[in-house]
Amino acid sequence: MNTPVFPSPSTPVSIDGPPKVLLLENIHSSAAEMFAAEGFLVERLKGALKPDELEERIQGVHVLGIRSKTTIHAEALAKAPQLLAVGCFCIGTNQVDLGSANRHGTPVFNAPFSNTRSVAELVIAEIIMLSRQLGDRNREVHTGQWRKVSVGSYEVRGKTLGIVGYGHIGSQLGVLAESMGMRVLFYDVATKLPLGNTRATASLEELLGASDFVTLHVPATPATEKMMGTAELARMKKGAFLINASRGTVVDIEALANALRSGHVGGAAVDVYPEEPETNSDGFISALQGLSNVILTPHIGGSTEEAQASIGKEVATSLIKLVKTGATTGAVNFPQVEAPLIPKTHRILNVHRNTPGVLRDINRIVSDLNANIHAQVLSTDANIGYLVMDLDQDVVNPVCQAIAGLKTDIKTRIVF
């Protein structure tokens, strides 16, 4: 087992002037507007940054906002001691080294709810398109061919939809599918309460063998990597369809291409890929290109105006609360603390190594400086402790300096 690597203790984080926010990848203006309304200094960039560029630009930034194409490694975090939080303006957070961010005292937030409807609607559209081979018919007419055929085209009413991953998107998708007369099954590694007439299956294999359409809604983890490979595709009903709008790593693309060529899989709709271009000007190549009844889209599941505006507001709200109050509710890699501000006090926020005696040492500092604690909340995980402490205003600075000097300190700052 590897020993966690922590940064060396440093001086307290100081915000001189407006907090600095860097938003990458054309994050919706709703986020920038919220930050600006709170007095933050906002810089927006249209594209992602390569690792070396990010390491340079992140220095001096208090809040970093990204989407899915920017990768945040430990090296960048090590060069950003002033960084208070990272906001992933999307569902996934696998593009961030969450463990390193945790050990650097940097909570990471995402938007688990805001694009749910947009992704679910896209999947519904793709179910109908695949069932009617609309992608092929559209391309043929555009090239001057007229093929008015009904062979291989079906209504979706009465067909079975198998949902792998019954979370926010999967459950809403099931409701929409049932409203169209589909039978809905789902498989999830966690026990979930089915909505409507949806039924859980005991295994992935059971779902694959019973479904006319299989749609994937799982995160990118070691357990889900290539979870749909040659063996799993073979277990699908002959002629069934596969839809992936989750993460590109969960499907073995070569295996899917082979299953499509053999006719065992009747069609596919893919929105995410193991490797994706960093910008819209970069080229793209996939083994799925040119295959019949295959819909390929450029990671647009959540790309609607409504979803992006909602994501901007959802993540910006969490980040603003973190900067102004220290609240970490909703952070994916951090102890959860949210405490109301107490009038006529100042707040110390301290992230420290989770070792025995830290709270004793901090309280000894408070006692030695004759400080009065109005409120104190501590939450921990395996690596770190997160302390929120409200003190009298006249003693908060020396207390903060002394706490930051402890060998267990990771990141300390004052909320005035």
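Higher on the page you've got the structure.
Fair warning: this is a prediction, and the values are worked out from it, not measured in the lab.

(A) Main features of the overall build of the protein. Each helix and strand counted, the protein has 13 helices and 16 strands in total. With the principal axes as the frame, the protein shows a C-alpha extent of 85 × 45 × 40 Å. Within the protein, counting contacts between residues at least 6 apart in sequence, those at least 24 apart form 65% of the total. For the protein, the separation between the mean place of its 37 positive charges and that of its 41 negative charges on side chains is 4 Å.

(B) Quick look at the environment of Gly105. Counting through the fold element by element, Gly105 comes out in the loop between helix H4 (98-103) and strand E5 (108-109). A relative accessible area of 4% means that Gly105 is categorised as buried. Beyond its immediate sequence surroundings of up to four residues, Gly105 is in contact with Leu84, Phe334, Val351, Ile410 and Lys411.

(C) Structural view of the pattern of salt bridges. In the structure shown here, the tally under the stated rule is 15 salt bridges. Here Glu43 makes a salt bridge to Arg57, at a shortest N to O gap of 2.3 Å. Within this pair, whereas Glu43 is found in strand E2 (residues 41-44), its partner Arg57 is found in helix H2 (residues 51-57), the two being separated by 14 residues in sequence. Judged by relative accessible area, which is 38%, Glu43 ranks as partly exposed. The class for Arg57 is partly exposed, based on a relative accessible area of 31%. Put simply, Asp136 and Arg139 hold a salt bridge, and the shortest N to O gap is 2.8 Å. Placement of the pair is Asp136 and Arg139 together in helix H6 (residues 134-142), with a separation of three residues, close to one helical turn. Look at the salt bridges and you will find they share partners, linking Arg137, Glu140 and Arg147 into a network.

(D) Structural context of the nonpolar core. Within the largest apolar cluster, 31 residues are counted, with the highest numbers of intra-cluster contacts made by Leu23, Ala31, Phe35, Phe89, Leu319, Leu322 and Tyr386. If you list the elements that add at least two residues to this core, you get strand E1 (20-23), helix H1 (29-37), helix H11 (305-325), strand E13 (345-353), strand E15 (384-392) and strand E16 (409-415). Of all the elements, H11 adds the most residues to this core, at seven residues. Those residues in contact with Leu319 that lie beyond four places of it in its chain are Phe35, Val63, Ala85, Val86, Gly87, Phe89 and Phe109.

(E) Representation of the environment of Phe284 within the structure. Among the secondary structure elements, Phe284 is positioned in the loop between strand E11 (265-270) and strand E12 (294-296). Overall, Phe284 belongs to the partly exposed group, its relative accessible area being 30%. Linking Phe284 and Leu134, residues 150 residues apart in sequence, is a C-alpha distance of 23 Å. Setting aside its immediate chain neighbours within four residues, Phe284 contacts Tyr273, Glu275, Pro277 and Gln289.

Quick notes on the rules
- Residues numbered from 1 in each chain as written.
- Predicted model: local features only at pLDDT ≥ 70, side-chain atom pairs only at ≥ 80, totals over all residues.
- Heavy atoms only, no water.
- Helix = DSSP H or I, 4+ residues; strand = E, 2+ residues; numbered from the N terminus.
- Contact = heavy atoms within 4.5 Å.
- Lys, Arg positive; Asp, Glu negative; His and termini not counted.
- Charge placed at Lys NZ, Arg CZ, Asp CG, Glu CD.
- Buried < 20%, exposed > 50% of the residue type's maximum accessible area, 1.4 Å probe, protein only.
- Salt bridge = Lys/Arg side-chain N within 4 Å of Asp/Glu carboxyl O.
- Core = buried A, V, L, I, M, F, W, Y, C linked by side-chain atoms within 4.5 Å.

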